[in-house]
Amino acid sequence: DINKGLTTAQAFIDQGADVILPVAGQVGEGAARAALDSGTASIIWVDSDGYDTLSPDFRPVLLTSVLKNTGSAVVEIVKTSIDDTFDNAPFIGTLENGGVGIAPFHDLAPRVSAELSAEIDQLRSDIVAGTIVVTSPSTPRCAARPRRLSSVTTCSDGCPTWRNGSPCSARARRTPPPPSSSACS
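Residues numbered from 1 in each chain as written. Predicted model: local features only at pLDDT ≥ 70, side-chain atom pairs only at ≥ 80, totals over all residues. Heavy atoms only, no water.

(A) Structural view of the layout of surface pockets. Looking at the second largest pocket, its volume works out to about 210 Å³. If you trace the second largest pocket, you find 15 residues lining it, with V19, L63, F105, V112 and L116 closest to the centre. The set of elements that each furnish at least two residues to the lining of the second largest pocket consists of strand 2 (42-47), strand 3 (62-68) and helix 5 (114-129). Per-element tally for the lining of the second largest pocket: the top contributor is strand 3, with 4 residues. Looking at the lining of the second largest pocket residue by residue, the classes come out as 9 nonpolar, 4 polar and 2 charged. (1 Å grid on protein atoms, 1.4 Å probe; cavity = no way out; pocket = protein on both sides within 12 Å on 5 of 7 lines; lining within 4 Å. Points joined across faces, edges and corners; volume = space filled by probe spheres on them. Helix = DSSP H or I, 4+ residues; strand = E, 2+ residues; numbered from the N terminus. Nonpolar A, V, L, I, M, F, W, Y, C, P; charged D, E, K, R; others polar.)

Put into structure tokens, the structure is as follows:
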């Protein structure tokens, strides 16, 4: 709800926050309003480029957006379907395959120093190169390309996964994993 986003973001701003990353749809619009009203805070939007999807009123406070480029997955699925090479392996969006990214700074680009911009570019390159490894509880632990077996998606090493790529999930355990699932530990 927009009002909760506004009051929550305002509380953050009152505590000294200068950048807020709201992750909850309309709650984010309330946070953007609080940032705009403050005259000091900025927001980072999520999923799509807020510069294109939010009201133009919020552009003065939109620093960037964390992008979930679902279009990349759709293009890949259509391409493999046309080529008759489609399989139902999960598509995991990465910086390398363009499935995720960071939007331009748009109107706030002058506030981002060349040094900071270069550092962000270097971090992106290091993540793609594998020099920096980003993990989370949702990070697939199977290095091999997943394939479909029975009612459970598994990697070629037998590690069970499910549609979002999470390893050893409760969903995957509905069907016993193949005996060689030690790669999952």
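(B) Structural detail: the pairing of strand 2. Within strand 2, 5 of the 6 residues are buried, which leaves it mostly tucked inside the rest of the structure. Where strand 1 (residues 19-20) meets strand 2, 2 bridges bridge the pair, whose relative direction is parallel. Its bridge partner lying in strand 2, I20 is registered against I43. Handedness of the crossover is the feature at issue here: the chain leaves strand 1, passes through helix 2 (residues 26-38), returns alongside strand 2, and the resulting connection is right-handed. Pairing geometry for strand 2 and strand 3, over 5 bridges, is parallel. Across the sheet, I44 pairs through a bridge with T64, a residue of strand 3. (Buried < 20%, exposed > 50% of the residue type's maximum accessible area, 1.4 Å probe, protein only. Pairing = 2+ DSSP bridges. Right-handed = clockwise from strand over helix to strand, strands pointing away.)

(C) Just the packing of helix 1 (residues 2-14) against helix 2, in detail. One can describe the packing of helix 1 onto helix 2 by two numbers: an axis separation of 6 Å at closest approach and a directional angle of 45°. Taken together, the axis directions place helix 1 and helix 2 in an arrangement best described as oblique. Crossing hand, helix 1 versus helix 2: right-handed. On helix 2, the residues touching I2, G5, L6, A9, Q10 and I13 of helix 1 are Q26, V27, E29, G30, A31, R33, A34, A35 and S38. Among the residues forming the contact of helix 1 with helix 2, the class breakdown is 8 nonpolar, 5 polar and 2 charged. (Axes fitted to C-alpha atoms, helices over the stretch in contact; angles between N-to-C directions. Parallel < 35°, antiparallel > 145°, perpendicular 65-115°, else oblique. Left-handed = near helix turned anticlockwise from the far one by under 90°. Contact = heavy atoms within 4.5 Å.)

(D) Representation of helix 2 within the structure. Helix length check: helix 2, at 13 residues, gives a terminal C-alpha distance of 19 Å against a target of 18 Å (1.5 Å per residue), a fit within 8%. Buried residues in helix 2 make contact with helix 1 and strand 2. (Expected span 1.5 Å × (residues − 1).)

(E) Here's a closer look at the side chain of T80. Within the element layout of this structure, T80 appears in helix 4 (residues 70-82). Here T80 falls in the buried class, since its relative accessible area comes to 12%. Excluding residues that lie within four positions of it along the chain, T80 makes contacts with T85 and F86.

(F) Broad picture of the environment of A34. Residue placement: A34 occurs in helix 2. For A34, a relative accessible area of 1% translates into the label buried. With residues near it in sequence (within four places) discarded, A34 still touches L6, A9, Q10 and I13.

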